[in-house]
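# Descriptive structure summary
Each chain is listed here by its residues.
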Amino acid sequence: MIRFLFKGLLRDRQRSLLPVTVVFIGALLTVFLQSWMTGILGDMIDFNAKFSTGHVKVMTKSYWDRVEQMPNDLALINTAPLIAGLEKEYPDVEWVSRIRFGGLIDAPDSSGETRAQGPAAGWGIDLLSPNSREAERLNIPKSMVRGRIPQQAGEILLSEQFAQNLKVGPGDAVTLVGSTMLGGMSLYNFTVAGTVSFGSNAIDRGAFIADLQDVRMALDMNDAAGEILGYFRTGVFDKELASGMVSGYMAKADTTDEFAPIMVSLRDQNGLSAMVDYMDYMIGIGIFIFIMAMSIVLWNAGLLGGLRRYGEVGVRLAMGESKGHVYRSMLWESVLIGTAGSVMGTALGLILAYWLQKTGIDISGMMKSSSMMLPSVFRTVVTPATFYVGFVPGLFATVIGTALAGIGIYKRKTAQLFKELQ
Amino acid sequence: MKSNQSVISIRNLVKTFPMGNREFTALNGINLEFASGEFSGFVGPSGSGKTTLLNIIGTLDSPTEGEAMVLDHSVKLLTQKKAALLRSQKIGFIFQTFNLLPVYSAAENVEFPLLLQKMGGEARRKAVMEALEWVGLSDKAKSRPAQMSGGECQRVAIARAMVKKPEIVLADEPTANLDAENSHNILKTMVKLNQELGTTFLFATHDEKVIGYLRRIIRLYDGKVAFDELVTKI
């Protein structure tokens with residue numbers, strides 16, 4: 001019987017081709033939407049984690065309260081024993097000190113007079129330790145535009161855009177005019193080793209990257225750091241793990257001392273929690289709307305098909321097929337159609353998603369004046385969910401649509417069959 | 001030929017339908033008995049109750065009052081499921097407009113009732129070919145309805161009704177869409193099957209050609225049996 005019905009389904013293109021096409025398009029869009037949203041969300045989280053938040057971050061309570069100001073006068077001191085303790089307690093996390101600071105970069109002329117100046121957003125990161133992965137983490141080798149990565153103390157990187165504005169390049173000397181940890185004025189000379197472009201306008205406008213020890217020297221922050229960032233060694237942010245770490249750490253933390261270290265998760269920073277929840281919500285809403293819209297379309301298609309097959313259903317009922325059997329056979333048809341459309345839609349969606357995962361879409365043109373920490377190339381990401389998410393609207397909508405349309409079979413009065421079939 | 005045992009027994013049958021605020025009486029006090037192997041027909045003008053009576057005998061509808069026993073089953077007491085089972089095993093239907101399934105071939109259309117009975121593949125194929133031979137359409141087994149004439153389609157419909165070897169075949173105006181030659185061919189086929197297989201044929205018709213082949217004519221008028229006569233063939 002199943003073979004018989006399947007044969008009819010294949011031969012009747014209005015019963016198979018049209019719904020399969022609708023399901024195919026729906027599944028394709030769902031798969032692409034899911035991989036696109038996941039990609040953007042993942043890129044945003046990853047970008048923020050690498051440049052700003054870490055997967056978890058340790059800092060003083062006061063620093064956290066004013067974190068937007070990067071208040072290094074409230075930075076952590078004696079970081080070496082603190083990091084040793086963290087490494088012991090959380091061996092699966094890599095801990096790195098960073099100092100973020102603001103200042104003015106002064107580019108002198110040949111006689112040492114100011115030729116150009118510009119405000120800089122500084123990063124003091126561990127560039128020179130042999131085992132440091134910071135340069136790699138910030139993708140510096142691949143972001144180099146001119147020159148090279150600093151190899152000795154006193155060398156810095158400037159963002160290419162910033163360097164062009166200051167008209168400086170590799171080998172030129174610049175002076176950082178800033179504020180020490182204790183509130184004094186700091187003047188410190190550096191040599192530009194190279195220029196970088198990270199593809200994020202917020203960073204590329206005025207980035208100044210120096211080795212951590214140099215920045216400590218410049219800002220009188222011996223063994224101090226504004227932030228200690230923790231990165232899971234898996235490289236992937238784990239919401240539950242981070243949350244557990246934060247809860248455990250904060251249970252033991254001295255919350256009365258404003259200079260005592262506290263720990264926050266990635267989700268608690270830069271409004272990422274709201275953003276992640278919002279994106280999750282939007283993906284859910286998107287898929288829900290797809291299911292509803294496709295259910296209505298397929299319900300309509302089912303109703304039209306039901307009208308077209310009115311005679312067929314009538315004959316089948318007259319010949320002794322039970323209403324339940326007719327209804328179930330239609331549901332089976334819809335399962336076949338939903339599966340076929342979902343498989344095809346998912347396959348093409350995956351091809352598109354893999355392609356965009358590799359090539360990405362460059363949105364730097366739209367980000368010129370943006371201050372958001374966003375990557376300039378958005379990519380899709382294929383996750384395990386990408387392989388099945390298309391089946392949700394593809395299969396469910398088809399079956400729901402058919403189930404709704406097929407209710408008419410039960411309402412049909414067999415007593416009218418002879419008249420209806422005339 | 002099967003024995004002349006009763007296959008249909010109708011006692012004081014009344015069928016009413018709601019019509020606005022009133023009740024319309026389609027059948028009023030019908031008493032009829034049909035023996036196995038009959039070739040009979042209900043004749044009468046439109047609205048006389050022919051199709052309603054065929055519906056009740058075919059277990060597609062149930063009486064409002066009275067009793068209709070079909071193959072020892074009270075139609076009134078049959079559930080939807082049991083009625084469907086009885087139809088699938090014992091009752092064949094032939095419609096005015098053939099009602100073949102358009103995407104299937106002649107053989108597949110004939111095969112369908114056997115699939116409902118879950119008959120095995122080999123026996124099914126044999127039965128289908130045999131049924132197509134009865135109606136002289138072995139060479140059209142693979143043709144689809146759109147590729148056949150009206151007469152051929154109706155012969156496929158007869159094969160479909162007969163393939164499961166039902167005890168009763170109900171035919172509602174089976175020749176209404178056919179020309180005279182095809183009508184006579186169809187009717188001769190039915191007579192042949194009635195004689196060879198002993199199947200009871202009941203028609204609802206006002207076609208004189210069909211009436212000419214009937215061995216018993218039940219004339220209905222305003223929901224009542226106006227007369228019921230056996231025809232003596234010369």
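Residues numbered from 1 in each chain as written. Chains lettered and ligands numbered in written order. Predicted model: local features only at pLDDT ≥ 70, side-chain atom pairs only at ≥ 80, totals over all residues. Heavy atoms only, no water.

## Focus: a nonpolar patch on the surface
Residues Tyr278, Tyr281, Met282, Ile285, Phe288, Ile289 and Met292 of chain A make up a contiguous nonpolar surface patch of about 700 Å² in total accessible area. Its location among the elements puts Tyr278 of chain A in helix 11 (residues 272-308). (Patch = residues over 30% accessible without salt bridge, like charges linked within 9 Å, V, L, I, M, F, W, Y side chains within 5 Å. Areas by Shrake-Rupley, 256 points an atom, 1.4 Å probe, with all protein chains shown as cover. Salt bridge = Lys/Arg side-chain N within 4 Å of Asp/Glu carboxyl O. Helix = DSSP H or I, 4+ residues; strand = E, 2+ residues; numbered from the N terminus.)

## Points about unusual backbone geometry
Residue and element names in this part refer to chain B. The backbone of Asn12 sits at a positive phi, close to 45 degrees, despite the residue not being glycine. Residue position: Asn12 is located in strand 1 (residues 6-19). Backbone geometry places Glu173, a non-glycine residue, at a positive phi of 45 degrees. Residue placement: Glu173 occurs in the loop between strand 7 (168-172) and helix 6 (180-197).

## Description of the pattern of salt bridges
Within this structure, the stated rule accounts for 26 salt bridges over all chains. One salt bridge in this structure joins Glu108 of chain B and Arg11 of chain A, with 2.6 Å as the shortest N-O distance. Pair noted here: Glu108 of chain B is in helix 3 (residues 106-116) and Arg11 of chain A is in helix 1 (residues 2-11), and the two residues belong to different chains. Classification of Arg11 of chain A by relative accessible area gives partly exposed; the value is 30%. For Arg316 of chain A, the salt bridge identified is with Glu321 of chain A, shortest N-O distance 2.7 Å. Each member of the pair Arg316 of chain A and Glu321 of chain A is classed as buried. Each of Glu94, Arg98, Arg133, Glu134 and Arg137 of chain A takes part in salt bridges that share partners, so that together they form one network. (Buried < 20%, exposed > 50% of the residue type's maximum accessible area, 1.4 Å probe, protein only.)

## Looking at the interface of chain B and chain A
Contacts between the two partners involve 31 residues from chain B, matched on the other side by 24 residues from chain A. Between chain B and chain A the total buried area reaches about 2700 Å² when both faces are included, carbon and sulfur atoms providing 65% of it. When the area that chain B buries against chain A is broken down by residue, the three leading residues are Leu60, Tyr104 and Phe112 of chain B, summing to 22%. Across the chain B-chain A interface, the total number found is two salt bridges. Taken together, the links from chain B to chain A amount to seven residue pairs in polar contact (both at pLDDT 80 or more). Every element with two or more residues in the side of chain B that touches chain A is listed here: helix 1 (50-57), helix 2 (80-90), strand 6 (91-94), helix 3 and strand 7 of chain B. (Contact = heavy atoms within 4.5 Å. Buried area = accessible area lost by both parts, 1.4 Å probe. Polar contact = N/O pair within 3.5 Å; in protein donor to acceptor, adjacent residues only side chain to side chain.)

Without other data, these values stay purely geometric and don't point to any function.
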